[in-house]
Amino acid sequence: MGPNPKMRKEFPDSTRSSPFPDEVLERVLSLLKSHKDRSAVSLVCKDWYNAESWSRAHVFIGNCYSVSPEIVARRFPRVKSVTLKGKPRFSDFNLVPENWGADVHPWLAVFVAKYPFLEELRLKRMAVSDESLEFLALNFPNFKVLSLLSCDGFSTDGLAAIATHCKNLTQLDIQENGIDDKSGSWLSCFPENFTSLEVLNFANLNTDVNFDALERLVSRCKSLNVLKANKSISLEHLQRLLVCAPQLIELGTGSFMPELTARQYAELENSFIQLKNLNTLSGLWEASAPYLPVLYPACTNLTFLNLSYAFLQSLELESLLCHCPHLQRLWVLDTVGDKGLEAVGSNCPLLEELRVFPADPFDEEVIHGVTEAGFLAVSYGCRRLHYVLYFCRQMTNAAVATIVQNCPDFTHFRLCIMNPGQPDYLTNEPMDEAFGAVVRTCTKLQRLSVSGLLTDLTFEYIGQYAKNLETLSVAFAGSSDRGMQCMLEGCPKLRKLEIRDCPFGNAALLSGLEKYESMRSLWMSACNVTMSGCRLLAREMPRLNVEVMKDDGSDESQADKVYVYRSVVGPRRDAPPCVLNLSGL
Amino acid sequence: MEVEKGTKMGFEETELRLGLPGNGGGGTEGGESAKKRGFSATVDLKLNLSSKEGGDDTNHEKTQTENNLLATDPAKPPAKAQVVGWPPVRSFRKNMLAVQKSSTDQGSAEKVPGGNATFVKVSMVGAPYLRKVDLKNYKSYHELSGALGELLSSFTIGNCGSHGTKDFLNESRLIDLLNGTDYVPTYEDKDGDWMLVGDVPWDMFVESCKRLRIMKGTEATGLAPRAMEKCKNRSFK
């Protein structure tokens, strides 16, 4: 336990570097939004440190266990908005036990005293209970924005508390969460005189909401510009909502199942024509070809199209994309196939981000999905592409090399060849050269996920070339400790490293001794690391928390899952029995 | 033949790869996957046969890849199912997609009399994706074949098959073909057996059909002993 290392620098009080009063400095610094800039500013001198602290309105905490709420409140007394992230990312894929931690309540308990006027809370991978949500709703009278992504532990009762008590709510954004979806009655809890809502996203809840209550809510919230409805909202309902809210900028449709009369279809078409400001469209559950044309008039200004829950085929996608010339971000299911992706390449020259999700990750009945051909086609047509998430069943080194030649500006390259350890399907060689090409060509690369059959050569390339890499995900790859060593020694900006099912052992783990304090966290599971290796790491680096989770029935000496992260508050005290804290031992 | 070699190498490569680090490789799922494996094994033999015959250009490429994939099927499913958290798709998304799929894929078991649709999946050799049909929309095999023809012509538009015609799956042609040995519609019934479409009265078919699969005639050999016999002298009612 000790102060933030950065705080240890001493600045002579006598030398005032700022020629103007604190208030002015604070005013100027309050214009800085980026927390990286603010961190830099706070290092200039003590005055600037103080001014920055007093003017910071939004604080971002990437790992809730790296710091305590008390320390945050002490340093930043006037915060209005907090973003908190909790569990390691692999908890999204069931690799972390449910009771692992990251409970938001201790934070709320401090905020109620220190930030009673808190306005915004954005949580990712935190454990949130209904009690916490009710506590939030009852104790923060100025509360405006709630965003929950990949959180769990709460139910729709918690949402009811928010709707009932948050008189100034402007945003309720419930993204993909492990929510106990008991009923849709929470939506009816918004009081009849409540009109401040600007963002309402309940697309990922399944239970039916009362449509009349929703319609009234939408009608009276004149500033509503984001509405993402769930499947219980039919097309007929949607039409009525759109009539109330033609000002929408982002729309998530409900169910798109065909069930309208000709007249209703015409009405729906008309309401889409009225959506002049729409730039984001999502939802489209159970969408089918005959009804997609109703969207076309609203697509002219679309920049983000999320079709990742719509089982569309290539022709349907192509017809839709013809009407979206300004598309910058596209999310689709691999049901669109390579042909669908050819259509993307042909119709979306401004595309910057593409995500292709697998419709059937485990179903062997599906024969293709997408292949290297689809990705290639996109790269030829969309030269501005810089973010890709691509799930496929086959890939080649040559294709990837061509793709990055076409699109050298990748900042995020996440390629998932779904069969673990699969080689280049044409040459049967490892996919080393593919990722070598990526890191060599894409000098701005910040995030990389690798897959396929990979030897240590891939990691030599990464260490040698990926100088801007911050986040790296590795699975079923590598041949020896050297692989991990290359990553740790070579990537100066590495912050998050997550590894699973790789032959990296203690030597590899310990080669990063000097590195981990400059990183947010390291995750290693199903590798060859042992308890003694972890203990050694913990002993040598007291400012790191080294946590180990063991699998049932595994060898006593094996460290099945290892999570290492820097912290200024030492080992956490809320770890469940399955999490062994090796720090401070 | 290069195709053959490629296929075999792919199969072996992947077979070796089964012993993944961290892959518990626990027991298989028992009944269902055993059944599936049995079927796949059968199909596998047939595919090898048909590729030896030099296959027509139409599905040559696709058949090759399909060979790779189907050939590895018998060994694959347990491995895939066992690896926790892979592929890295959020559980939330997986569940949502699964719910959507199952809600449109109601087998006879869940059919409400006189009520909802009876959607079944239709897959076809060489096709990149599945389609769905509502069996309740049709009153006879004849109607169904017409619909299938339309549905599946989207798979084959642009392909000049060995038949040399562009949309060779128009209604009457489909019936001709289905009566011949080129394409054989088969279905999985309530008991998990793969049967030839047309064997049983229409109503009984709708009752028991869980999903449809259009196979090449040569694949269907050995599917059911009487299949080939039926093929020769079947009248597609």
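A quick note: this is a predicted structure, and the numbers were derived from the prediction, not measured.

What counts and how
- Residue numbers run consecutively from 1 along every chain, following the written order of its sequence.
- The lettering of chains begins at A and the numbering of ligands begins at 1, in the order of writing.
- Local features are withheld for residues below a pLDDT of 70 in this predicted model, meaning they are given only at 70 or higher, and side-chain atom pairs are given and counted only at 80 or more; totals for whole chains, interfaces and linings count all residues.
- Side-chain measures were taken over the full set of non-hydrogen atoms in the model, leaving aside hydrogen atoms and water.
- Helix and strand definitions follow DSSP, with helices as H or I runs of at least four residues and strands as E runs of at least two, each counted in order from the N terminus.
- Only protein chains enter the calculation, and the probe is 1.4 Å; a residue is then buried if its accessible area is under 20% of its type maximum, exposed if over 50%, and partly exposed in between.
- Residue contacts are counted whenever heavy atoms from the two residues lie within 4.5 Å of one another.
- For the area figures, the Shrake-Rupley method with a 1.4 Å probe applies, and any residue is considered shielded solely by the protein chains shown.
- Only C-alpha atoms enter the radius of gyration; for comparison, a globular chain is expected to reach 2.2 Å times N to the power 0.38, where N is the number of residues.
- When charges are tallied, Lys and Arg are placed among the positive residues and Asp and Glu among the negative ones, while His and the ends of the chain are skipped.
- Here the site of a charge means NZ on Lys, CZ on Arg, CG on Asp, or CD on Glu.
- For this analysis, a ring pair means two rings from Phe, Tyr or Trp (six-membered ring only for Trp) whose centres lie within 6.5 Å, classed as stacked if their planes differ by under 30 degrees, edge-to-face if by over 60, and tilted for the remaining angles.
- Criterion for a charge above a ring: Lys NZ or Arg CZ within 6 Å of the ring centre, and within 35 degrees of the ring normal.
- Patches here: salt-bridge-free residues with over 30% relative accessible area, like charges joined within 9 Å, nonpolar side chains (Val, Leu, Ile, Met, Phe, Trp, Tyr) joined within 5 Å.
- Basic side-chain nitrogens of Lys or Arg form a salt bridge, by our definition, when they fall within 4 Å of a carboxyl oxygen of Asp or Glu.
- In short, DSSP must find at least two bridges between two strands for them to pair.
- pLDDT measures the predictor's confidence residue by residue and takes values from 0 up to 100.
- The term nonpolar core refers to a set of buried residues drawn from Ala, Val, Leu, Ile, Met, Phe, Trp, Tyr and Cys, joined through side-chain atoms within 4.5 Å.
- UniProt positions are given in the numbering used here, feature names are shortened, and annotations may be inferred rather than shown by experiment.
- The arc refers to the directions leading from the helix axis to the C-beta atoms.

Turning our attention to the overall build of chain B. Along chain B, the regular secondary structure elements total 9 helices and 5 strands. Reading chain B from its N terminus to its C terminus gives the helix and strand order α-α-α-α-α-β-β-α-α-β-β-α-β-α. In chain B, which comprises 237 residues, the share counted as buried stands at 52%. The contacts of chain B with a sequence gap of at least 6 include a subset with a gap of at least 24, amounting to 62%. A total accessible area of about 11300 Å² is found for chain B, and carbon and sulfur atoms account for 53% of it.

Helices and strands together make up the secondary structure of chain A, namely 19 helices and 23 strands. Relative to the globule expectation of 25 Å for 585 residues, the C-alpha radius of gyration of chain A, 25 Å, shows essentially globular dimensions. Residue burial in chain A is summarised as follows: out of 585 residues, 61% are buried. Taking as baseline every contact in chain A between residues at least 6 positions apart, the subset at least 24 positions apart corresponds to 70%. If you sum the accessible surface of chain A, you get close to 22500 Å²; carbon and sulfur atoms cover 52% of it. Taken together, the 58 basic and 68 acidic charged side chains of chain A have centroids lying 9 Å from each other.

Residue and element names in this part refer to chain A. Evaluation of the coordinates by the stated rule reveals 25 aromatic pairs over all chains. With a centroid separation of 4.8 Å and 35° between ring planes, the pair formed by tryptophan 285 and tyrosine 309 is classed as tilted. With tryptophan 285 in the loop between strand S11 (280-282) and strand S12 (304-306) and tyrosine 309 in the loop between S12 and helix H11 (314-321), this pair connects stretches of sequence that are 24 residues apart. Under the relative-accessibility criterion, tryptophan 285 is labelled buried at 1%. Put simply, the rings of Tyr65, Phe90, Phe93, Trp100, Trp523, Tyr563 and Tyr565 touch in pairs and so form one group of aromatic residues. Note that lysine 231 overlies the ring of tryptophan 285, its terminal NZ or CZ placed 5.4 Å from the centroid. The ring of tyrosine 461 is capped by arginine 440, whose NZ or CZ atom sits 5.0 Å from the centre of that ring.

Quick look at a nonpolar patch on the surface now. Residue and element names in this part refer to chain A. A cluster of nonpolar side chains, namely Phe20, Val24 and Val28, defines an oily patch on the protein surface of about 230 Å² accessible area. In this structure, phenylalanine 20 sits in the segment before helix H1 (22-29). The class for phenylalanine 20 is partly exposed, based on a relative accessible area of 34%.

Now for the pairing of strand S1 (residues 119-124) of chain B. Residue and element names in this part refer to chain B. Across the 6 residues that make up S1, a large majority, 5, are buried. Note that S1 and strand S5 (residues 209-216) share 4 bridges and pair parallel. Its bridge partner lying in S5, lysine 121 is registered against arginine 211.

Residue placement: asparagine 204 of chain A occurs in the loop between strand S8 (199-201) and helix H8 (211-220). Once you skip the residues sitting within four places of it in the chain, asparagine 204 of chain A turns out to touch Ile174, Gln175, Glu176, Trp285 and Tyr309 of chain A together with Phe92 and Met96 of chain B.

Here chain A averages 93 in pLDDT, and 95% of its residues register 70 or above. In this model, residues 1-14 of chain A is a region of pLDDT below 50 whose contacts with residues beyond four sequence positions or in other chains number 16 contacts.

Right, let's get into the nonpolar core. The nonpolar side chains of a soluble globular protein tend to be buried, and buried together. With 185 residues, the main nonpolar core has Leu200, Phe202, Phe410, Phe413, Leu448 and Ile499 of chain A as its most contacted residues. Excluding residues that lie within four positions of it along the chain, phenylalanine 202 of chain A makes contacts with Trp186, Leu187, Val209, Leu214, Leu227, Lys228, Ala229, Asn230 and Ile233 of chain A.

We now examine the UniProt feature "domain: F-box" (unreviewed entry) in chain A. Per the UniProt annotation, the sites labelled "domain: F-box" (unreviewed entry) are residues 20-61 of chain A. Regarding residues 20-61 of chain A, the helix share stands at 62% and the strand share at 10%, and the terminal C-alpha atoms are separated by 31 Å.

Once that is clear, we can look at helix H19 (residues 531-540) of chain A. Spacing of three or four residues puts side chains on the same side of an α-helix, whose turn is 3.6 residues. Residue and element names in this part refer to chain A. Along H19, the residues classified as buried are Met531, Gly533, Cys534, Leu537 and Ala538. Along the long axis of H19, the arc covered by the buried residues comes to 160°, so they all point the same way. Looking at the buried side of H19, the elements it contacts are helix H18 (506-510), strand S21 (544-549), strand S22 (561-566) and strand S23 (579-581).

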